[in-house]
Amino acid sequence: MIGVVDKEVIRRLYFVQGKSIRWIAKELKKSRKTVRKAIADPGEPKYNLTLPKPQPVLGTIRSIVKQWLEEEKKENLKKQRYTASGIYKLLVEKHDYRGSESSVRRLLAELRQKEKEAYIPLSFEPGSNAQCDWGEAYIYLNEEYAKVQIFCMRLTSCRKSFVMAFPHQRQEAFFEGHVHAFDWFGGVPLTITYDNLKTAVLKVLQGRTRQEQTAFISFRSHYLFKSIFCNTGRGNEKGQVENLVGYALRNFFTPIPRVGSIAELNETLLLKCRKHAESHKVPGTALTIEQAWEEEKKALLALPPKPYDCFRYAEVRVANNLLVRFENNFYSVPSLWVGRNLTIKAYVYRVEIYGNRQLVATHPRSYGKGEETYNLDHYLDTLAQKPGALENAKPFQQANLPAIYHQYLEELRRRHPRPDREFVQILLLHRAVGWDILTRALVEAHRDKAYHLEGIRHRVEKLSGKHIVPAPLPAGKHPHLESFKVEKPGLGHFDQLLIGRNGGVVH
C-alpha cells in the first residue's frame, strides 16, 4: 500500500509531465497495478479486507453464544440480559474457552447489532388514533416525598398531549384518565393504541387477539372508540406516547414539583401541556400542535351527553361496629344497616356506599392499611342509647369538631347530672339545622352560661328560623308514660283580657 505522498508524485508525473505508466513504474519501482490505482483514485489509501480474518477460537463458540441470545430473546426479559463479562465467564467454566474477554465483547456487539430492527415512519389521519400509556414520577406532596402514576395520552396526528397524575393505576383511575383526556381533546379518537394493560386485557390470545375486561368493554362502548393492543413486548408500536412519558418526566417533573395536593399538580400539568402545544410544531409541517389540533377536533367523535361513571364495584357487609371493609380499610355507615349487605362504588378519591339502591354514606377514599374513617352522625343513635361510651368513642375523638364542643361538654359535666346523655341529644340537633348553626348556638349558650338541651334548642330555632320538634320517646322504653296524655288548654279565658274594667279594650 502506498501513501498519499507517493500517490501525488505518480499523479503529477502522469497528468502534468505526461510520463507513461510503464516509465513511472520502472522509475519509482512500483507495480503497474499500483500506478494505475494511484492515477484512478487521488484519495487517502484504505485497506479493504477482501476475506474475513480467520477466527479459530471464536468460530467454535459463535454458535453457542448465538443460541444463548436466541433463548434470551424468547424469555423477553429486558432487564435480565447477557453481558459480555457474563458470557465470557460461562464460556470459560462450561466450554473451556481460552480466548480473551475482548474477543467475546466484539462477538456480542456483532450479534446484538444484527438483532436491531429498522422502523418505518408512520403518518396518521386526523382523528384516527391516539396512544395511551402509564409512567411513574416522584413529587413532594405536602413536603413528603411521594410516588405518583402519570396517565399519558397523545393524538398521533396533531401530537396534542394530555398528562394527569393519579395515586395508582387501578381501573377507576385508568377510566378517569380517559374521561379527562377526551374533555381536553374536545372529542374521542376513532382508535386508541395500548400495551396489554391488566385494566383492559384479561387474557392475551394469539396474534393481536385479546380477551378484554368486561368493564373496559363497557367503557369503550360508552365512547365508541376501537382499541388496538401492541404485540407482547413491543411498546415501540406506540412510540409517540412512549416519548411523551419520557418528555413529561424530563420537563414536567424536573425539578421535582412541590405541591399541596394532586389536584394542584394536575392543574400545573395541564398548563404545561398547553404551553407545549403552543410552542412546538408538528414534525414535517409549519403548524404548531395547537393549530393542528384545532383542525383535528373536527374529525374526532363527539363526546357522549354524560361522562362515564368511573368507579369500581364491590360488595361488603356491615359489622357490629358499623364499619364496612374495603381494600383493608374501614368506613362507617348508619346504625340501621348493621349486619346487612351493602355495595360500594370506589372512585379514585372517594367511596360511595349504597343499600337498596340508595346512597347510605360517602367518605374520602383511604390508601393506607387498616385505616378507619368515621362519620360521627352514624354513631349518634347508638350513643343516645349508650351515652357512657361517649368519652372513649373513636368517632367522637376523630370528628375534629370545633373547640367549643369540648368546652361546652366540659362545663356540662360540671353542672348537669347526666351530661353525656344531654350532650348526645344536643349533637343530634345538627340533623335538623346543620353543624354550622349548631356551632353558633353552642358559642352563644356558652357565653350565656346556658348548659342544657333546651337552651341550645331555643338558640338553634332562633338562628335557623325552624321549629324543632323533640324526638318521640322510643316505644316500650317508658311504659308508665305511654298512657299519660296532656289535654290541650282552653284559651277562652284569655278573652277577658280584651275588655277592661270600664268596658274599654285593653291595649
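About the thresholds
- Residues numbered from 1 in each chain as written.
- Predicted model: local features only at pLDDT ≥ 70, side-chain atom pairs only at ≥ 80, totals over all residues.
- Heavy atoms only, no water.
- Helix = DSSP H or I, 4+ residues; strand = E, 2+ residues; numbered from the N terminus.
- Buried < 20%, exposed > 50% of the residue type's maximum accessible area, 1.4 Å probe, protein only.
- Contact = heavy atoms within 4.5 Å.
- Areas by Shrake-Rupley, 256 points an atom, 1.4 Å probe, with all protein chains shown as cover.
- Patch = residues over 30% accessible without salt bridge, like charges linked within 9 Å, V, L, I, M, F, W, Y side chains within 5 Å.
- Salt bridge = Lys/Arg side-chain N within 4 Å of Asp/Glu carboxyl O.
- Lys, Arg positive; Asp, Glu negative; His and termini not counted.
- Charge placed at Lys NZ, Arg CZ, Asp CG, Glu CD.
- Polar contact = N/O pair within 3.5 Å; in protein donor to acceptor, adjacent residues only side chain to side chain.
- Pairing = 2+ DSSP bridges.
- Expected span 1.5 Å × (residues − 1).
- pLDDT = per-residue confidence, 0-100.
- Axes fitted to C-alpha atoms, helices over the stretch in contact; angles between N-to-C directions.
- Parallel < 35°, antiparallel > 145°, perpendicular 65-115°, else oblique.
- Left-handed = near helix turned anticlockwise from the far one by under 90°.
- Nonpolar A, V, L, I, M, F, W, Y, C, P; charged D, E, K, R; others polar.

Give me the overall build of the protein: which residues, what numbers.
Looking only at helices and strands, the protein features 19 helices and 15 strands. Burial status across the protein gives 39% buried among its 507 residues. Looking at the protein alone, contacts between residues at least 24 apart form 58% of all its contacts between residues at least 6 apart. When the accessible surface of the protein is split by element, carbon and sulfur atoms take 52% of a total near 31,800 Å².

So what's going on with a positive patch on the surface? Residues and values would help.
Taken together, Arg 22, Lys 26, Arg 32 and Arg 36 make up a surface patch of like positive charges. Every element with two or more residues in the positive patch is listed here: α2 (21-28) and α3 (32-40). Mapped onto the secondary structure, Arg 32 falls in helix α3.

I'd like a description of the side chain of His 178, backed by residues and values.
Position of His 178 relative to the elements: it lies in helix α7 (residues 171-185). A distance of 2.8 Å separates polar atoms of two side chains, one belonging to His 178 and the other to Tyr 194. The residues contacting His 178, other than those within four sequence positions of it, are Cys 132, Phe 151, Met 153, Ile 192, Tyr 194 and Phe 219.

Tell me about the sheet that holds strand β10 (residues 323-326), residues and numbers included.
Across the sheet, three strands lie side by side as β10-β11-β15; this open sheet has mixed pairing. Across the chains shown, the open sheet's two edge strands, defined by having one partner strand only, are β10 and β15 (372-373). The sheet contact formed by β10 and strand β11 (residues 329-332) spans four bridges and is antiparallel. By the bridge assignment, Leu 323 is partnered in β11 with Ser 332.

Quick rundown of a nonpolar patch on the surface? Include the residues and the values.
Taken together, the side chains of Val 4, Val 5 and Val 9 define a hydrophobic patch exposed on the protein surface, amounting to about 240 Å² of accessible area. With respect to the helices, strands and loops of the structure, Val 5 is situated in helix α1 (residues 4-16).

Now, about helix α9 (residues 239-251): what can you tell me, with residues and values included?
For α9, which comprises 13 residues, the first-to-last C-alpha distance of 18 Å matches the rise-based estimate of 18 Å (1.5 Å per residue) to within 8%. Buried within α9 we find Gln 240, Val 241, Leu 244, Val 245, Gly 246 and Ala 248. Contact partners of the buried residues in α9: β1 (129-141), β2 (144-155) and β3 (161-166).

Before we move on, could you go through the environment of Ile 21 and cite the residues and values that matter?
Tracing the sequence through the fold places Ile 21 in helix α2. Note on Ile 21: relative accessible area 21%, which makes it partly exposed. Taking the C-alpha atoms as reference points, Ile 21 and Thr 34, 13 residues apart in sequence, are found 9.9 Å from one another. In contact with Ile 21, not counting residues within four places along its chain, are Tyr 14, Arg 32, Val 35, Arg 36 and Ile 39.

How would you sum up the confidence of the model for the protein? Please name residues and give values.
When the pLDDT values of the protein are averaged, the result is 87; 83% of them are 70 or greater. Across the protein, the secondary-structure element scoring lowest on mean pLDDT is strand β5 (residues 201-204), at 60, and the one scoring highest is β3, at 98.

If you had to explain the environment of Leu 376 to someone new, which residues and values would you point to?
The topology assignment puts Leu 376 in the loop between β15 and α12 (377-385). The class of Leu 376 is buried, set by a relative accessible area of 5%. Between the alpha carbons of Leu 376 and Ser 332 there is a distance of 8.8 Å; along the sequence they are 44 residues apart. Dropping the residues within four chain positions of it, Leu 376 is found in contact with Leu 383, Pro 395, Phe 396, Ala 399, Leu 401, Leu 427 and Trp 435.

How would you sum up unusual backbone geometry? Please name residues and give values.
Keep in mind that most residues, glycine aside, have a negative phi and that most peptide bonds are trans. Here the residue pair Thr 254 and Pro 255 is connected by a cis peptide bond, since its omega of 0 degrees sits within 30 degrees of zero. Along the polypeptide, Pro 255 turns up in the loop between α9 and β8 (258-259).

I'd like a description of the packing of α2 against α3, backed by residues and values.
Viewed as axis vectors pointing N to C, α2 and α3 meet at an angle of 115 degrees, and their least axial separation amounts to 9 Å. Overall, the two elements α2 and α3 adopt an arrangement that is roughly perpendicular. Considering only the axes of α2 and α3, their crossing is right-handed. Taken together, the residues of α3 that come into contact with α2 (itself represented by Ile 21, Arg 22, Ile 24 and Ala 25) are Arg 32, Val 35, Arg 36 and Ile 39. Residue classes in the contact of α2 with α3 are distributed as five nonpolar, no polar and three charged.

Kindly report on the pairing of β1, identifying the contributing residues and their values.
Where β1 and strand β4 (residues 191-194) come together, three bridges link them in parallel fashion. The residue of β4 that forms the bridge with Gln 131 is Thr 193. Both β1 and β2 contribute to a ladder of 12 bridges, which runs antiparallel. Note that in β2 the partner of Tyr 138 across the bridge is Lys 147. Turn length for the β1-β2 hairpin, with the two strands adjacent in sequence and antiparallel, is two residues, and the turn residue Asn 142 shows positive phi of about 50 degrees. With two bridges connecting them, β1 and β8 associate as parallel partners. Looking across to β8, one finds that Tyr 140 is bridged to Arg 258.

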